[in-house]
2 protein chains.
Amino acid sequence: MKNAEHQTKSDRTRAAIVAAAQEVFAAKGYEQATVRDIAARAAIDPAMVIRYFGSKDALFARVAVFDLKLPDLKAGDGNRIGETLVRHFLSVWETDANGGFAVLLRSAASNEFAAKKLRDVFAGQVLPALARVGGTARAAERAGLVSSQLLGLALCRYVLKLPPVVAMPRESIIGAVGKTIQRYVTGR
Amino acid sequence: MKNAEHQTKSDRTRAAIVAAAQEVFAAKGYEQATVRDIAARAAIDPAMVIRYFGSKDALFARVAVFDLKLPDLKAGDGNRIGETLVRHFLSVWETDANGGFAVLLRSAASNEFAAKKLRDVFAGQVLPALARVGGTARAAERAGLVSSQLLGLALCRYVLKLPPVVAMPRESIIGAVGKTIQRYVTGR
DNA sequence: GATTAAAGTCAACATACGTTGACTAGTCGT
DNA sequence: ACGACTAGTCAACGTATGTTGACTTTAATC
């Protein structure tokens with residue numbers, strides 16, 4: 001009885017593999033994460049990973065996609081764009097559902113495919129959202145500056161685990177970094 | 001004729017290995033760089049790398065040390081601390097002599113030893129230099145924010161190679177990011 | 001020039017990786 | 001109950017890695 005509604009056994013296995021892959025890729029990066037690691041975490045045979053996804057590369061491509069879900073910055077208070085962005089960014093990062101971001105950042109430093117994916121996220125999501133506010137003049141530069149601050153924050157807080165940055169309360173970060181982002185977005 | 005002044009043959013080989021290791025580690029990160037890669041770049045046998053440095057780990061430890069050479073921030077104009085820091089940081093990064101920084105940043109995302117080294121650079125060089133200006137209150141937080149912006153800048157410009165950040169002229173970066181650093185350092 | 005130590009070469013090791021193919025167990029339709 | 005198809009297991013492959021030890025070549029000392 002094959003039913004489109006009910007998930008089959010293989011669907012559950014696929015999901016387990018994807019979940020395990022997200023955790024392991026996010027924790028160790030692409031090259032350091034092994035198919036055997038992922039299989040062990042999903043409590044299955046390594047061969048199943050290949051059978052279901054074809055290759056480690058393909059599994060990574062499947063896991064390393066994510067949506068920043070940036071809000072419409074034109075809708076809210078124009079003086080709170082920075083604050084809104086930082087708050088949103090922290091939420092996205094700390095929501096385990098979107099482990100794709102951690103996967104990308106960890107891997108991008110030594111994996112060109114991951115680096116390209118991150119550039120795509122920038123060009124396809126960050127840049128368009130910021131181009132809508134603050135005028136189109138030098139939008140790319142402004143988006144680049146915003147990205148440098150936000151990615152640097154993620155790097156220090158979640159990857160390097162720099163103690164003072166880890167310890168900082170969420171609202172302090174939103175206050176301090178939000179002002180920076182606001183200036184980058186509105187250009188003064 | 002063994003002379004302390006004159007460099008022996010082995011000294012030149014050691015230097016060639018160190019130089020090759022810096023390039024390869026900086027380009028690929030610790031795990032992705034192989035002893036055979038380094039040996040090939042230095043035009044020697046892979047076994048020599050081990051003979052001279054004992055292990056890949058030891059060679060990495062030798063190469064992954066570097067000095068930010070931060071200037072005395074109290075000496076100059078108090079309103080130009082941000083500008084000074086960014087300018088200095090860009091110079092250090094782009095001076096090939098200090099490839100140790102690229103080595104660390106590339107490797108830190110997936111190598112705990114490199115991450116720890118970066119945290120040590122923060123605690124031993126960045127934090128003390130910033131604690132001397134702007135008062136000691138919340139010095140760690142301010143240093144953390146400064147690091148997040150500067151490391152994010154390096155990440156986007158030199159590792160991810162985000163096109164707008166790569167294309168930005170040096171002086172534009174110093175202007176825009178300098179203001180941010182200045183605010184983080186002096187706290188408003 | 002013979003002797004001795006250093007510098008460099010070569011092949012191999014043990015291990016770990018991604019991936020494959022043959023095989024077994026389980027499940028569903030009839 | 002039986003056959004067919006799916007899901008899962010197992011052992012092995014080829015390759016790449018860090019590292020080692022035996023060997024050969026080069027250079028320095030007497």
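Details of the domain arrangement of chain A
All names here are of chain A.
Thinking step 1. With domains assigned, chain A is organised as domain 1 (9-63) and domain 2 (78-186).
Thinking step 2. Spacing between the C-alpha centres of domain 1 and domain 2 amounts to 27 Å.
Thinking step 3. Summing both sides of the interface, domain 1 and domain 2 together bury roughly 840 Å²; the carbon and sulfur share of this comes to 59%.
Thinking step 4. When the buried surface of domain 1 facing domain 2 is broken down by residue, A26, E31 and F60 rank first, second and third, together holding 49% of it.
Thinking step 5. Counting every contact that joins domain 1 to domain 2 gives zero salt bridges.

Digging into the environment of A:S110
Thinking step 1. Note on placement: A:S110 falls in the loop between α6 (100-108) and α7 (112-131).
Thinking step 2. Since its relative accessible area comes to 18%, A:S110 is described here as buried.
Thinking step 3. Between the C-alpha atom of A:S110 and that of A:F66, which follows or precedes it by 44 residues, the distance is 20 Å.
Thinking step 4. Not counting the four nearest positions on each side in its chain, A:S110 is found in contact with A:E31, B:K28 and B:S110.

A word on the interface of chain B and chain A
Reports often express the size of an interface as the amount of accessible area lost when the parts come together.
Thinking step 1. Counting residues at the interface gives 40 residues for chain B and 40 residues for chain A.
Thinking step 2. Buried area between chain B and chain A, summed over both chains or domains, comes out near 3,400 Å², and the portion from carbon and sulfur atoms is 66%.
Thinking step 3. Inspection of the region where chain B meets chain A yields 15 residue pairs in polar contact (both at pLDDT 80 or more).
Thinking step 4. Top element by residues in the side of chain B that touches chain A is helix α8 (residues 139-159) of chain B. It accounts for 13 residues.

As for the packing of helix α5 (residues 81-94) of chain B against α8(B)
All names here are of chain B.
Thinking step 1. Contact pair α5 / α8: the axes reach a minimum separation of 11 Å and the direction vectors enclose 40°. In terms of axis orientation, α5 runs oblique to α8. As α5 packs across α8, the resulting crossing turns out to be right-handed. Two secondary-structure elements touch here, α5 through V86, F89, L90, W93 and E94 and α8 through L150, L153, A154, R157 and Y158.
Thinking step 2. For the contact of α5 with α8, the class distribution of residues is eight nonpolar, no polar and two charged.

Structural notes on the pattern of salt bridges
Thinking step 1. As enumerated under the stated definition, the model contains 22 salt bridges over all chains in all.
Thinking step 2. Between A:K28 and A:D37 there is a salt bridge, with the nearest N and O atoms lying 2.9 Å from each other.
Thinking step 3. Relative accessible area serves as the criterion here: at 33%, A:K28 is assigned to the partly exposed category.
Thinking step 4. Across the pair B:R119 and B:E112 runs a salt bridge whose closest N-O atoms are separated by 2.6 Å.
Thinking step 5. According to the relative accessible area criterion, B:E112 is exposed, its value standing at 51%.
Thinking step 6. Connected through shared salt-bridge partners, A:R80, A:E83, A:R87 and A:E171 make up one network.

Considering the relation of the copies chain B and chain A
Superposition of the two copies of the chain requires a rotation about an axis and a shift along the axis.
Thinking step 1. Rotating chain B by 180° about the axis while translating it 0.0 Å along that axis superimposes it on chain A, leaving an RMSD of 0.0 Å. Viewed as a symmetry operation, the transformation between the two copies matches a two-fold axis. Using C-alpha coordinates, one finds that chain B approaches the rotation axis most closely at B:G152, a distance of 1.7 Å.
Thinking step 2. The overlap is high: 100% of the interface residues of chain B also sit at the interface in chain A, so the same surface is used on both sides.

What counts and how
Residues numbered from 1 in each chain as written. Chains lettered and ligands numbered in written order. Predicted model: local features only at pLDDT ≥ 70, side-chain atom pairs only at ≥ 80, totals over all residues. Heavy atoms only, no water. Domains from an automatic or database assignment. Buried area = accessible area lost by both parts, 1.4 Å probe. Salt bridge = Lys/Arg side-chain N within 4 Å of Asp/Glu carboxyl O. Helix = DSSP H or I, 4+ residues; strand = E, 2+ residues; numbered from the N terminus. Buried < 20%, exposed > 50% of the residue type's maximum accessible area, 1.4 Å probe, protein only. Contact = heavy atoms within 4.5 Å. Polar contact = N/O pair within 3.5 Å; in protein donor to acceptor, adjacent residues only side chain to side chain. Axes fitted to C-alpha atoms, helices over the stretch in contact; angles between N-to-C directions. Parallel < 35°, antiparallel > 145°, perpendicular 65-115°, else oblique. Left-handed = near helix turned anticlockwise from the far one by under 90°. Nonpolar A, V, L, I, M, F, W, Y, C, P; charged D, E, K, R; others polar. Least-squares fit on C-alpha atoms with pLDDT ≥ 70 in both.

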